Structures are given as C-alpha cells and as structure tokens.
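Each chain is listed here by its residues.
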Amino acid sequence: MIRNASFAVTVDLPDEAAYRAYDLDAEHNRVRAELFAPIRERVDRIRFRI
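Residues numbered from 1 in each chain as written. Predicted model: local features only at pLDDT ≥ 70, side-chain atom pairs only at ≥ 80, totals over all residues. Heavy atoms only, no water.

Novice: Lay out the pattern of salt bridges in plain terms, naming residues and giving numbers.
Specialist: Scanning all chains against the criterion turns up seven salt bridges. Close ionic contact of Arg45 with Asp23 constitutes a salt bridge, the shortest N to O distance being 3.4 Å. Linking Arg45 in the segment after α2 (26–36) with Asp23 in helix α1 (residues 16–24), this pair joins segments that are 22 residues apart in sequence. Through salt bridges with shared partners, one network takes in Glu16, Arg20 and Arg49. (Salt bridge = Lys/Arg side-chain N within 4 Å of Asp/Glu carboxyl O. Helix = DSSP H or I, 4+ residues; strand = E, 2+ residues; numbered from the N terminus.)

Structure representation (structure tokens):
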C-alpha cells in the first residue's frame, strides 16, 4: 500500500554546489543515520532546479 508522507523538509539553497555540500556534510549524515533512520519507513526526495 502506498501512503502519503507524514512530514516534509524544504531546503532552499543558492546553487547545486551548496546542495551537494549539504547532502554530503558529515554531521548532517550522522543526524540522518542516528535520529531519522531508526524511525523512518522510507525517504522520498524531489529536487527542483529553478
């Protein structure tokens, strides 16, 4: 069964390099792994380049 997401995070970054830095940041990935991974069912990512 496909269900809707329970919450969303919106991030507005100035360019692709800033997004890559955000996505690869060690502390950011630690938080993802330690806090969110144990409680998430799935992650859906949608990126728009404007």
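Novice: Pulling in residues and values, what's your account of the side chain of Asp23?
Specialist: Classification of Asp23 as buried rests on a relative accessible area of 15%. Once residues within four sequence positions are removed from consideration, Asp23 is found in contact with His28, Asn29, Arg32 and Arg45. (Buried < 20%, exposed > 50% of the residue type's maximum accessible area, 1.4 Å probe, protein only. Contact = heavy atoms within 4.5 Å.)

Novice: Hey, could you go over the packing of α1 against α2 for me, with residue numbers and the actual values?
Specialist: As a packed pair, α1 and α2 sit with axes 5 Å apart at the nearest point and diverge in direction by 50 degrees. Relative to α2, α1 is oriented oblique. On the side of α1, the interface is formed by Tyr22, Asp23 and Leu24, while α2 contributes Ala26, His28, Asn29 and Arg32. Among the residues making up the contact of α1 with α2, the classes are represented as three nonpolar, two polar and two charged. (Axes fitted to C-alpha atoms, helices over the stretch in contact; angles between N-to-C directions. Parallel < 35°, antiparallel > 145°, perpendicular 65-115°, else oblique. Nonpolar A, V, L, I, M, F, W, Y, C, P; charged D, E, K, R; others polar.)

Novice: Could you give me a rundown of the environment of Arg47, with the residues and numbers involved?
Specialist: Relative to the assigned elements, Arg47 resides in the segment after α2. In the structure, Arg47 is positioned 38 residues away from Val9 in sequence and 12 Å away in space, judged by C-alpha atoms. Within the structure, Arg47 has its side chain in polar contact with the side chain of Tyr19 (distance 2.7 Å). (Polar contact = N/O pair within 3.5 Å; in protein donor to acceptor, adjacent residues only side chain to side chain.)

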